[in-house]
Amino acid sequence: MRFVNPLSLRWKIAALTAAACCAVAAVIGLLVHDETRERGLRVGRERVSAALAAAEREYTRTGKRPPSADLMAPDALPAPLARDLAAQAREGGTYGIWYDVEDPNWYWMWGAVAVGDEVLVVRTDMSTEVRGLQLLDRSILTSVLAALAVVVPLAALAAEPVNRRLRHGARTARMIADGDLDARIGRTGRTRDEITEMSAAVDGMAGALQRRLENEQRFTADVAHELRTPLMGLVTAAGLLPEDDEATELVRDRVRALHGLIEDLLEISRLDAGAERARLDPVPLGELVADVVRRTATDTRVTAGDARVVETDPRRVERVVVNLVTNAHRHGAAPVEVTVTGARVVVRDHGPGFPAALLDQGPQRFRTGASERGYGHGLGLTVAQGQAGVLGARLTFANAPDGGAVATLDLDPAA
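## As for the nonpolar core
Thinking step 1. Membership of the largest hydrophobic core comes to 32 residues, with the highest contact counts inside it found for L324, V345 and L411.
Thinking step 2. When contributions to this core are tallied by element, the ones reaching two or more residues are α7 (285-295), α8 (314-331), β8 (336-342), β9 (344-348), α10 (379-391), β10 (394-399) and β11 (405-410).
Thinking step 3. If you tally residues by element for this core, the top one is α8, at six residues.
Thinking step 4. Leave out the neighbours within four places in its chain, and V345 touches L285, V289, V321, V338, T339, V340, A407, T408 and L409.

## Topic: the pattern of salt bridges
Side chains that differ in sign of charge can pair as their charged atoms come close.
Thinking step 1. Per the counting criterion, the structure on display carries 16 salt bridges.
Thinking step 2. With a shortest N-O distance of 3.9 Å, E38 and R37 are connected by a salt bridge.
Thinking step 3. E58 is the partner of R61 in a salt bridge, and the nearest nitrogen-oxygen pair spans 2.8 Å. Taken as a pair, R61 and E58 lie in helix α1 (residues 9-62) at a separation of three residues, close to a single helical turn.
Thinking step 4. R61 gets classed as exposed once you look at its relative accessible area, which sits at 62%.
Thinking step 5. The partly exposed category is assigned to E58, whose relative accessible area is 28%.
Thinking step 6. Each of D291, R294, R295 and E318 takes part in salt bridges that share partners, so that together they form one network.

## Observations concerning a nonpolar patch on the surface
Thinking step 1. On the surface, L9, L166 and M198 cluster together into a nonpolar patch covering about 220 Å² of accessible area.
Thinking step 2. On the secondary structure map, L9 appears in helix α1.
Thinking step 3. Assessed through its relative accessible area of 36%, L9 is described here as partly exposed.

## Describing the packing of α1 against helix α3 (residues 127-158)
Thinking step 1. Two elements in contact, α1 and α3, have axes separated by 9 Å at closest approach and are oriented at 165°. The orientation of α1 with respect to α3, classified from their angle, is roughly antiparallel. Considering how the two elements wind past one another, α1 and α3 form a crossing that is right-handed.
Thinking step 2. Here the contact of α1 with α3 is composed, by residue class, of 18 nonpolar, five polar and five charged.

## A word on the sheet that holds strand β3 (residues 106-115)
Thinking step 1. What the four strands build is an open sheet, ordered β1-β4-β3-β2; its pairing is antiparallel. Only two strands of the sheet have a single neighbouring strand rather than two, namely β1 (70-72) and β2 (95-102). Strand-to-strand twist in this sheet, taken as the mean axis angle between neighbours without regard to direction, amounts to 30°.
Thinking step 2. Where β2 lies against β3, eight bridges are found, and the strand directions are antiparallel. Bridging across to β3, W98 finds its partner in W110.
Thinking step 3. The sheet contacts of helix α2 (residues 79-90) involve β2, β3 and β4 (118-125), and relative to β2 the element is tilted by about 155°.
Thinking step 4. Sheet contacts for α3: β2, β3 and β4; angle to β3, the most-contacted strand, approximately 145°.

## Quick notes on a negative patch on the surface
Thinking step 1. Residues D178, D180, D182 and E214 make up a contiguous surface patch of negative charge.
Thinking step 2. Looking at where D178 falls in the secondary structure, it is placed in the loop between α4 (160-177) and α5 (194-239).
Thinking step 3. Taking the relative accessible area as the measure of exposure, D178 reaches 71% and is therefore exposed.

## Overview of unusual backbone geometry
Thinking step 1. Cis geometry is adopted by the peptide bond preceding P335, which originates at A334 and carries an omega value of -5°.
Thinking step 2. On the secondary structure map, P335 appears in the loop between α8 and β8.
Thinking step 3. The phi angle at A297 is positive, at roughly 55°, despite the residue not being glycine.
Thinking step 4. With respect to the element layout, A297 can be found in the loop between α7 and β6 (300-307).

## Section: the packing of α8 against α10
Thinking step 1. Contact pair α8 / α10: the axes reach a minimum separation of 9 Å and the direction vectors enclose 150°. Our classification of the angle between α8 and α10 gives roughly antiparallel. At the point where α8 passes α10, the crossing takes the left-handed sense. Across the interface between the two elements, R316, V317, R319, V320, N323, L324 and N327 of α8 pack against G380, L381, V383, A384, Q387, A388, V390 and L391 of α10.
Thinking step 2. For the contact of α8 with α10, the residue count by class is nine nonpolar, four polar and two charged.

## Describing the sheet that holds β8
Thinking step 1. An order of β6-β8-β9-β11-β10 is seen for the five strands of this open sheet, with the pairing classed as mixed. Among the strands making up the open sheet, the edge pair consists of β6 and β10. The mean angle between the axes of side-by-side strands here comes to 15°, regardless of whether they run parallel or antiparallel.
Thinking step 2. Two strands pair when backbone bridges link them, and β9 and β11 are joined in this way by five bridges, in the antiparallel orientation. For V347, the partnering residue across the bridge sits in β11 and is A407.
Thinking step 3. Strands β6, β8, β9, β10 and β11 of the sheet are contacted by α8, whose axis makes an angle of about 20° with β9.

## Considering the packing of aromatic side chains
Thinking step 1. Applying the stated criterion across every chain yields a total of two aromatic pairs.
Thinking step 2. Taking 5.8 Å as the distance between ring centres and 35° as the angle between the ring planes, the aromatic pair formed by W98 and W110 counts as tilted. One end of the pair, W98, is in strand β2; the other, W110, is in strand β3, and twelve residues separate them in sequence. No difference in accessibility class separates W98 from W110, as the two residues are buried.
Thinking step 3. With 5.3 Å between their ring centres and 80° between their planes, F354 and F397 make a pair best called edge-to-face. A residue pair is termed long-range when its members are at least 10 positions apart, and F354 in the loop between β9 and α9 (356-361) and F397 in strand β10 qualify at 43 residues.

Each value, and the rule that gives it
- Residues numbered from 1 in each chain as written.
- Predicted model: local features only at pLDDT ≥ 70, side-chain atom pairs only at ≥ 80, totals over all residues.
- Heavy atoms only, no water.
- Core = buried A, V, L, I, M, F, W, Y, C linked by side-chain atoms within 4.5 Å.
- Buried < 20%, exposed > 50% of the residue type's maximum accessible area, 1.4 Å probe, protein only.
- Helix = DSSP H or I, 4+ residues; strand = E, 2+ residues; numbered from the N terminus.
- Contact = heavy atoms within 4.5 Å.
- Salt bridge = Lys/Arg side-chain N within 4 Å of Asp/Glu carboxyl O.
- Patch = residues over 30% accessible without salt bridge, like charges linked within 9 Å, V, L, I, M, F, W, Y side chains within 5 Å.
- Areas by Shrake-Rupley, 256 points an atom, 1.4 Å probe, with all protein chains shown as cover.
- Axes fitted to C-alpha atoms, helices over the stretch in contact; angles between N-to-C directions.
- Parallel < 35°, antiparallel > 145°, perpendicular 65-115°, else oblique.
- Left-handed = near helix turned anticlockwise from the far one by under 90°.
- Nonpolar A, V, L, I, M, F, W, Y, C, P; charged D, E, K, R; others polar.
- Pairing = 2+ DSSP bridges.
- Lys, Arg positive; Asp, Glu negative; His and termini not counted.
- Charge placed at Lys NZ, Arg CZ, Asp CG, Glu CD.
- Phe/Tyr/Trp six-rings, centres within 6.5 Å; stacked < 30°, edge-to-face > 60°.

And the structure:
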């Protein structure tokens with residue numbers, strides 16, 4: 001199907017080659033046509049002039065009309081021939097000549113010379129020259145079509161190496177976009193052209209991107225590990241504060257928030273490193289989701305009538321569902337609904353919906369996307385998406401037509 005795609009570069013190059021061939025053939029054909037036509041007219045004028053001169057000598061010698069000519073009164077001449085004869089007389093010439101074209105197949109070259117009060121007229125048939133010109137045009141057209149029948153396939157085949165290199169570059173770019181940061185286009189063949197330059201630039205960009213992402217992941221992991229030790233001290237110190245004190249509750253709340261942030265950072269660093277592996281077990285999805293939502297202690301309505309048993313990692317499913325429900329309550333608005341159908345879990349709120357940037361680019365760490373959805377570090381959806389990837393599931397985000405954000409976890413995307 002790729003070979004017959006009319007929008008492919010192969011056929012565009014072939015079409016451009018065909019257009020160039022047609023343009024060259026048209027220019028050359030017009031030049032040859034005009035030159036051949038002018039030569040035919042010159043031959044016709046010379047022939048009629050010679051016949052007219054012979055007829056004039058015969059008439060002068062005998063005083064009678066020659067067999068090859070006619071005697072006509074001046075007012076009986078065809079108007080174009082009469083005008084040319086008068087113009088030649090004014091300029092000191094003798095012969096008037098007119099090329100008479102009568103469709104479809106009458107072509108005559110007329111000649112006239114004044115002899116006394118009458119005009120001696122001869123004419124010669126130009127059909128042979130016209131048919132020769134038409135045959136030449138057909139030959140040119142046939143030759144052009146035959147050349148195109150050869151040139152267009154050759155141009156399409158000649159463009160195939162270029163197409164192959166471009167497709168290889170496109171596949172490599174898609175692999176990089178899908179997360180394979182080690183993929184490179186490389187240098188194919190000995191050709192040094194614009195495609196080679198573009199391939200080198202893409203490989204350089206991929207290498208720089210890989211280094212930056214690795215530095216970011218390493219920094220995230222280092223920060224999370226370094227903060228974990230003083231955080232444990234804060235948790236211990238917060239536990240020693242006096243009970244029933246407003247300041248104590250405020251400190252403990254902030255410590256819990258900091259603990260959650262660091263745990264999210266550690267989890268993201270593990271996901272980035274590809275160290276996470278799912279442990280699959282048969283799980284009744286409806287019961288699992290209902291239990292997970294119940295333990296979030298949130299006002300969330302769960303509907304799981306059509307759920308089924310799926311092979312998945314319950315701990316990771318729990319992590320995804322908790323993050324989606326927490327995000328819906330934190331950034332959306334009540335009522336928050338969780339619906340389990342088959343192997344699919346849908347979490348919906350009735351708030352302002354997901355921002356356009358999140359729908360276009362997916363979750364971004366440390367970015368919530370829109371102020372109307374509240375503030376936060378933006379790691380919850382990032383962790384959920386990473387855990388869904390480990391499960392081999394698909395996590396998608398959308399906005400409901402009547403308002404509200406909709407997050408869908410499909411644990412069996414192939415089905």
